[in-house]
Amino acid sequence: MKKEKTAKVYGRTRKYKILHILGIIACLVMVILLVILAVMQWQEEITMDQLRNLYYDEEATRPYFSLIAGAKAETVFDAQTGELPDRFKDLWETNNDLIGWLKVGNLVDEPVVYRDNEYYLNHNFRQAKSKEGAVFADVENADWGTDSYVILYGHNRKNGGMFGKLSQYQELRHMQENAVIQWDTLQDDAARNYVVFSVFDASMLPGDHNYFFLRRFDTCRSGNVSKIQAFLEEIQERSLLNIPVEVRPQDRILVLVTCSYADPDGRLMVFFRALRENETEEDLQARVAQSAAH
């Protein structure tokens, strides 16, 4: 009996030791994975800082990842001069899918690319595999420099990357603080200012009670003033915030889109229009300051 009892105790002790060792191994694996993820995120941040340096500082040196595989060191663009603006030349050599730069207060400060609606969901600006993805224009915006209706997509990252901070537009104070944004393209002499006029969540599933048909390029290009006006009024009526900014069919519209979990296949959409020739940023800031929650 003593031998049997001793054997059982020994067996349990050995089992506990094995479980204890496995637990330690599991913890170590978890720590290693967290370190790897932290390093990857840190590298992404370094990359974005380098890209921002190239855009904001024309004298900046090119980063180590310039001329990545598949990128072409062509200097084309600007239909009139046949050259790229200086502020975009090094970025273009890094990735010639580049079409511009988006600056949204302290929420978004990213290069924008154009290819299709799939590739940059899981590739970053360096064209490396990445969950961060990149900010990209809708495939229908092949004429993004002149299109009157441009849609830009970005992931809703929990770390605030890409369009992860756009949800702040649902709060009145944050919307007012970021009322005017800058959209700079390869075809512009300088960045254009755009003012927010609507923000809301919607479902992309036809048949859902909160469905919204976003990609109405045909409507916006139709030249049918009444149809375009009806579309703009629908956008404003759905806004979570009452923003007193007038929008006309002749205005250039920019839409920032990211994932939302408020609806099935949901999207958060923030709509902006370009400032007109007789408008100033200060005027529009003052107008948006009069906004209120619905």
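Residues numbered from 1 in each chain as written. Predicted model: local features only at pLDDT ≥ 70, side-chain atom pairs only at ≥ 80, totals over all residues. Heavy atoms only, no water.

We now examine the environment of serine 239. Mapping serine 239 onto the fold places it in the loop between helix H5 (225-237) and strand S7 (241-242). Take serine 239: its relative accessible area is 4%, and that puts it in the buried class. Taking the C-alpha atoms as reference, serine 239 lies 4.9 Å from valine 199; in sequence the two are 40 residues apart. Of note is the side chain of serine 239, whose polar atom sits 2.6 Å from the backbone oxygen of leucine 241. (Helix = DSSP H or I, 4+ residues; strand = E, 2+ residues; numbered from the N terminus. Buried < 20%, exposed > 50% of the residue type's maximum accessible area, 1.4 Å probe, protein only. Polar contact = N/O pair within 3.5 Å; in protein donor to acceptor, adjacent residues only side chain to side chain.)

Turning our attention to the sheet that holds strand S2 (residues 108-113). What the 8 strands build is a closed barrel, ordered S1-S2-S3-S4-S8-S9-S6-S5; its pairing is mixed. The mean inter-strand angle of the sheet, taken between neighbouring strand axes irrespective of direction, is 30°. In this sheet, S2 lies alongside strand S1 (residues 98-104) in antiparallel orientation, the contact comprising 6 bridges. Bridge assignment links leucine 102 to a residue of S2, and that residue is glutamate 110. On top of the sheet, helix H6 (residues 281-288) reaches strand S5 (180-185), strand S6 (192-203) and strand S9 (266-274); it is set at about 30° to S6, its chief contact. (Pairing = 2+ DSSP bridges. Axes fitted to C-alpha atoms, helices over the stretch in contact; angles between N-to-C directions. Contact = heavy atoms within 4.5 Å.)

Moving on, we come to the nonpolar core. Counting 74 residues, the largest nonpolar core has Leu102, Leu152, Tyr169 and Phe271 as its most contacted members. Apart from the residues within four sequence positions on either side, leucine 102 is in contact with Val108, Asp109, Glu110, Val112, Leu152, Phe163, Ile181, Gln182, Trp183, Leu254 and Leu256. (Core = buried A, V, L, I, M, F, W, Y, C linked by side-chain atoms within 4.5 Å.)

This part is about the pairing of strand S4 (residues 149-153). Counting buried positions along S4 yields 5 of 5 residues, so the element is predominantly enclosed. Side chains Tyr149, Ile151 and Tyr153 project from S4 onto one buried face, and the interleaved Val150 and Leu152 project onto a second face that is buried too. Pairing of strand S3 (residues 135-137) with S4 involves 2 bridges; the strand directions are antiparallel. Along S4, the bridge assignment pairs alanine 137 with leucine 152. In this structure, S4 lies alongside strand S8 (residues 253-260), joined through 5 bridges in parallel fashion. Across the sheet, residue tyrosine 149 finds its bridge partner in S8, namely isoleucine 253.

Applying the stated criterion across every chain, the model contains 21 salt bridges. The shortest N-O distance in the salt bridge between aspartate 97 and arginine 115 comes to 3.0 Å. Taken together, the residues span a long stretch of sequence, with aspartate 97 in the loop between helix H2 (86-94) and S1 and arginine 115 in the loop between S2 and S3 at a distance of 18 residues. Classification of aspartate 97 as buried rests on a relative accessible area of 12%. Between arginine 273 and glutamate 279 there is a salt bridge, with its nearest N and O atoms 2.9 Å apart. (Salt bridge = Lys/Arg side-chain N within 4 Å of Asp/Glu carboxyl O.)

Let us look at the packing of aromatic side chains. Inspection of every chain in the model, using the stated rule, returns 14 aromatic pairs. Relative to tryptophan 101, the ring of tyrosine 55 lies with its centre 4.5 Å away and its plane at 0°, an arrangement referred to as stacked. Here tryptophan 101 lies in strand S1 and tyrosine 55 lies in helix H1 (residues 2-56), a separation of 46 residues in the sequence. Of the residues examined, tyrosine 55 reaches a relative accessible area of 11% and is grouped as buried. Plain terms: the ring middles of tyrosine 149 and phenylalanine 231 are 5.7 Å apart, the flat faces sit at 70° to each other, and that makes the pair edge-to-face. (Phe/Tyr/Trp six-rings, centres within 6.5 Å; stacked < 30°, edge-to-face > 60°.)

What follows covers the side chain of aspartate 251. Within the secondary structure layout, aspartate 251 lies in the loop between S7 and S8. Side-chain polar atoms of aspartate 251 contact the backbone nitrogen of arginine 248, separated by 2.7 Å. Within the structure, aspartate 251 has its side chain in polar contact with the side chain of arginine 276 (distance 2.8 Å). In contact with aspartate 251, not counting residues within four places along its chain, are Ser148, Glu246, Arg273 and Arg276.

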